[in-house]
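# Fold and contact review
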Amino acid sequence: MIKTAILLATERMSILREQDVVPFRNRVKECAAGIKMGLVNQTYLITASSELARNMLKYADGGIVLIETIEHNGKKGIRLMFEDQGPGIADVVLALKDGFSTGRSLGVGLPGAKRLVNEFEIASEPGKGTSITIIRWANG
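For every chain, the first residue of the written sequence is number 1, and numbering continues from 1 along that sequence. The model is predicted, so local features are restricted to residues of pLDDT at least 70 and side-chain atom pairs to those at 80 or more, both for listing and for counting; the totals for chains, interfaces and linings are taken over all residues. Each side-chain value is worked out from all heavy atoms of the structure, with water and hydrogens disregarded.

### Focus: the environment of Ser 14
For Ser 14, the position within the fold is in strand S1 (residues 6-15). Along the primary structure Ser 14 and Gly 63 are separated by 49 residues, whereas in three dimensions their C-alpha atoms are 6.0 Å apart. Every residue pair with non-hydrogen atoms within 4.5 Å of one another is taken to be in contact. In this structure Ser 14 touches Asp 20, Gly 63 and Ile 64, once residues within four positions along its chain are discounted. Secondary structure follows DSSP: runs of H or I at least 4 residues long count as helices, runs of E at least 2 residues long count as strands, and numbering of each begins at the N terminus.

Right, dumping it as C-alpha cells:
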C-alpha cells in the first residue's frame, strides 16, 4: 500500500445508517471526477466503496470513512479508509475468498471490492473492529 503519497485533499464522512450511503457514493464520484478519473475507473471505485460502506453497516453498525485525493509519482488517485468498531473479522484470509460469508450472503463483497481497486489493505481484530484502505488511481 502506498504510504508516501502526497495528500491533496481529505474529508471524513460517517456511515451510520443506510441513508448515508448515497451521499457518500456521490462524494466519492465528485472526488474521482475532480481528478479526471475515467468513467470505468469511477464505476469500479464507487462499486467497491458502496460494498465496503454497506459491510460497515451490516456487520459493525456503521463507521467512518476518510476520503482522500492523493498523488504519487505523478499519478492522482482516491484513497478511502474505512474504520469501524464492530466485532472484527476472525479470519481475514478466509473472508477474502469468494463464496465465504458469515452473513448469509453470496460471499463476493470483500473479494469483489478487492478486485475493483488498485490497492487494498485490511486489518481486523476480533472484538475491536476493522480497517480497510483502498486506492483507485485515475489512470489505473
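Next comes the rest of the description.
### Focus on the sheet that holds S1
For two strands to pair, DSSP has to find at least two bridges joining them. The five strands lie next to each other as S1-S2-S3-S5-S4, forming an open sheet whose pairing is antiparallel. Single-partner strands in this sheet number two, and they are S1 and strand S4 (119-125). In this sheet, neighbouring strand axes are inclined to one another by 15° on average, regardless of whether the strands run parallel or antiparallel. Pairing between strand S2 (residues 63-72) and strand S3 (residues 75-84): nine bridges, direction antiparallel. Its bridge partner lying in S3, Ile 67 is registered against Leu 80. Sheet strands touched by helix H1 (residues 21-34): S1, S2 and S3. Its angle to S1, the strand with the most contacts, is close to 170°. A fitted line through C-alpha atoms represents every axis, and for helices the fit uses only the stretch in contact; the resulting angles, taken between N-to-C directions, go from 0 to 180 degrees.

### A short note on the packing of helix H2 (residues 39-60) against helix H4 (residues 109-116)
Remark: H2 packs on H4, axes separated minimally by 9 Å, with the N-to-C direction vectors making an angle of 150°. Relative to H4, the element H2 lies roughly antiparallel. Crossing of H2 over H4 shows left-handed handedness. Only Gly 109, Leu 110, Ala 113 and Leu 116 of H4 make contact with H2, whose side of the interface consists of Tyr 44, Thr 47, Ala 48, Glu 51, Leu 52 and Asn 55. When the residues that make up the contact of H2 with H4 are grouped by side-chain class, the tally is six nonpolar, three polar and one charged. Any angle from 65 to 115 degrees is called roughly perpendicular, while one under 35 is roughly parallel, one over 145 is roughly antiparallel, and all others are oblique. Crossing handedness follows the turn of the near helix against the far one: under a right angle anticlockwise gives a left-handed crossing, and clockwise gives a right-handed one. For this scheme, ten residues count as nonpolar: Ala, Val, Leu, Ile, Met, Phe, Trp, Tyr, Cys and Pro. Four count as charged, namely Asp, Glu, Lys and Arg, and the remainder, Gly too, count as polar.

### A few points about the nonpolar core
We define the nonpolar core as a collection of buried residues of types Ala, Val, Leu, Ile, Met, Phe, Trp, Tyr and Cys that are connected through side-chain atoms lying within 4.5 Å of one another. Using a 1.4 Å probe on the protein chains alone, a residue whose accessible area is under 20% of its type maximum counts as buried, one over 50% counts as exposed, and one in between counts as partly exposed. Ranked by internal contacts, the top residues of the largest apolar core, which has 31 residues, are Phe 24, Ile 67, Ile 78, Leu 80, Phe 82 and Ile 134. Put simply, the parts of the chain that give this core at least two residues each are S1, H1, H2, S2, S3, H4, S4 and strand S5 (129-137). Leave out the neighbours within four places in its chain, and Phe 24 touches Met 13, Ile 15, Ser 49, Ala 53, Val 65, Ile 67, Leu 80 and Phe 82.

### Considering the packing of aromatic side chains
Only centres within 6.5 Å qualify two rings of Phe, Tyr or Trp (six-membered ring in Trp) as a pair; their planes then separate them into stacked at under 30 degrees, edge-to-face at over 60, and tilted for everything else. Scanning the model with the defined rule gives one aromatic pair in all. Judged by centre distance (6.0 Å) and plane angle (80°), the ring pair of Phe 24 and Phe 82 falls under edge-to-face. Of this pair, Phe 24 sits in helix H1 while Phe 82 sits in strand S3, and the two are 58 residues apart along the sequence. Residue Phe 24 shares its accessibility class with Phe 82, and that shared class is buried. Against the face of Trp 137 rests Lys 75, its NZ or CZ located 4.7 Å from the ring centre. Here, a charge over a ring is recorded when the distance from Lys NZ or Arg CZ to the ring centre is within 6 Å and its angle to the ring normal is within 35 degrees.

By themselves these figures say nothing about function.
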